[in-house]
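If you want the building blocks of each chain, they are given just below.
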Amino acid sequence: MSPAALACVVALAWGAPQDGYGVHELRLEGPLGAVVLEGSGWRTSVVGEVGPGEVCTLVVPIVAGDAPRGAAPGAPLLSPADGAGDAVLTPAIAAAPEWDALPAGLRRRTLPPVAARLPGPGAAHLALLCAVAVLILAAWRRTPAALALGLAGALACFVLPQRPPQPSAVEVLEGDGASGRWLVVRGAVGTLELSPDRPGWCESIPASAKRRLEVTLDGGPHWALEGEGLALYSLAEAGRLGRLDPERNELADLASVWRRDGAGRWSAHGPWGHDEALPAAVEGGGEPPGWLVSVLPQGVGITVGRAEAGAAGTPRWVRWIEGPSFGERR
């Protein structure tokens, strides 16, 4: 799927309810190798070894929804575990959050587009191509030898491993001026880490039977969304981080800022420091990404910006809508 098409899909999908997941406690008694909890549209997989006689108690995320046939109402179905041990699931210790309880303005923001960078030639490929080109030039008078060298180089390129595809990730802080509430939205392709012990929402584009929540025991536990080739998103409330009004930046230092006034005029303002008033508009400040300024309400002030990169260089963006939220204005 092209980035443009994916951007259109996430813009249309954002208004739909997201899948909320709660936090449950799971008691494992070894020997066990794997446990799968079947749910509605998602499954939770616990990956890791629990040895004979070992007892492990951990918290796991489970997407709320209708239970499979044979399970108690609202309860996930515990599938047969890999091993002779036992697995016991308790009721939720933190319920899945209600999507409709969020302000309409936060529920109608566009999701950030994400796409995996395609695999490409590595350093070994480039070195091989340079060497073959030099040899072919040296043997240009002997056509059969030059052809043989070219064919050998082409075959070697197929044998050498390609550089693996590099997934791209993005994070957006979504602020609602009417309520002062913030969401943190994170997206990636294929794998997306989640904050453990914390309920939230998740989404995949497209919806697929391959998507799952995975809990890894080794060195953890670690939570993640998994789905090969899928655009994965996690959403969680971030509390009241402060306001981002022109009079004062209560959030954090921002590397670049753009603001749209109530009349719809955009202006660039360069860097904006924490606890400072919005700097004066500057010329040549560039433009924010198109998806960041799409499907936004009219007649209210809007501020978008780029924050410092997160872990592993993940781009981080901020989007704040002043005053009444989208769909809540009178």
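Residues numbered from 1 in each chain as written. Predicted model: local features only at pLDDT ≥ 70, side-chain atom pairs only at ≥ 80, totals over all residues. Heavy atoms only, no water.

## Re the overall build of the protein
What the protein contains, in helices and strands, is four helices and 17 strands. When burial is assessed residue by residue, the protein has 41% of its 330 residues classed as buried. Looking at the protein alone, contacts between residues at least 24 apart form 70% of all its contacts between residues at least 6 apart. For the protein, the computed accessible surface area is about 16,700 Å², with 58% contributed by carbon and sulfur atoms. (Helix = DSSP H or I, 4+ residues; strand = E, 2+ residues; numbered from the N terminus. Buried < 20%, exposed > 50% of the residue type's maximum accessible area, 1.4 Å probe, protein only. Contact = heavy atoms within 4.5 Å. Areas by Shrake-Rupley, 256 points an atom, 1.4 Å probe, with all protein chains shown as cover.)

## Comments concerning the side chain of S45
Mapping S45 onto the fold places it in strand β3 (residues 43–50). Apart from the residues lying within four places of it in its own chain, the contact partners of S45 are V35, V36, R212, L213, E214 and V215.

## Thoughts on empty space enclosed by the protein
According to the stated counting rule, one finds one cavity of 30 Å³ or more in the structure shown. Considered as a void within the structure, the largest cavity measures approximately 30 Å³ in volume. Lining the largest cavity, in full, are L37, E38, G39, W42, R43, T44, I62, V63 and L213. Secondary-structure elements contributing two or more residues to the lining of the largest cavity are β2 (32–38), β3 and β4 (55–63). Looking at the lining of the largest cavity, its residues break down into five nonpolar, two polar and two charged. (1 Å grid on protein atoms, 1.4 Å probe; cavity = no way out; pocket = protein on both sides within 12 Å on 5 of 7 lines; lining within 4 Å. Points joined across faces, edges and corners; volume = space filled by probe spheres on them. Nonpolar A, V, L, I, M, F, W, Y, C, P; charged D, E, K, R; others polar.)

## Looking at the environment of W223
Residue placement: W223 occurs in strand β11 (residues 222–239). W223 sits ten residues away from L213 along the chain, and the two C-alpha atoms are 7.2 Å apart. Within polar-contact distance, the side chain of W223 engages the backbone oxygen of V59 at 3.3 Å. (Polar contact = N/O pair within 3.5 Å; in protein donor to acceptor, adjacent residues only side chain to side chain.)

## Notes on the pairing of strand β1 (residues 19–29)
In this structure, β1 lies alongside strand β9 (residues 200–205), joined through three bridges in antiparallel fashion. When the sheet's bridge partners are listed, Y21 is paired in β9 with G200. Relative to β4, β1 is paired through nine bridges, and the arrangement is antiparallel. Considered in β4, the bridge of R27 is made with T57. Where β1 lies against strand β6 (residues 86–94), six bridges are found, and the strand directions are antiparallel. Bridge pairing in β6 places E29 opposite D86. (Pairing = 2+ DSSP bridges.)

## Observations concerning the nonpolar core
Membership of the largest hydrophobic core comes to 27 residues, with the highest contact counts inside it found for L26, L28, V46, L58 and L225. Elements with a contribution of two residues or more to this core: β1, β2, β3, β4, β8 (182–194), β10 (212–216) and β11. Considering each element in turn, this core owes the most residues, five residues, to β4. When residues of this core are sorted by domain, at least three fall in each of domain 1 (18–96) and domain 2 (100–116 + 167–208 + 223–321). Counting 25 residues, the second largest nonpolar core, distinct from the first, contains L102, L183, W201 and I205. (Core = buried A, V, L, I, M, F, W, Y, C linked by side-chain atoms within 4.5 Å. Domains from an automatic or database assignment.)

## Observations regarding the confidence of the model for the protein
Taken as a whole, the protein shows an average pLDDT of 81; of its residues, 76% reach a score of 70 or greater. This model gives residues 66–73 a pLDDT under 50, and the stretch forms nine contacts once residues within four places in sequence are excluded. Overall, residues 325–330 carries pLDDT values under 50, and its contacts beyond four positions in sequence, including any with other chains, amount to 16 contacts. (pLDDT = per-residue confidence, 0-100.)

## Remarks on unusual backbone geometry
Cis geometry marks the peptide bond from G30 to P31, where omega comes out at 5°. Residue P206 is bonded to the preceding I205 through a cis peptide linkage, with omega at -5°. One can find P206 in the loop between β9 and β10. Backbone geometry at D275 places phi at a positive 65°, although glycine is not the residue there. Locating D275 in the fold gives a position in the loop between β15 (266–272) and β16 (302–307). Despite not being glycine, V295 has its phi angle at roughly 55°, a positive value. Take V295: it is sitting in the loop between β15 and β16.

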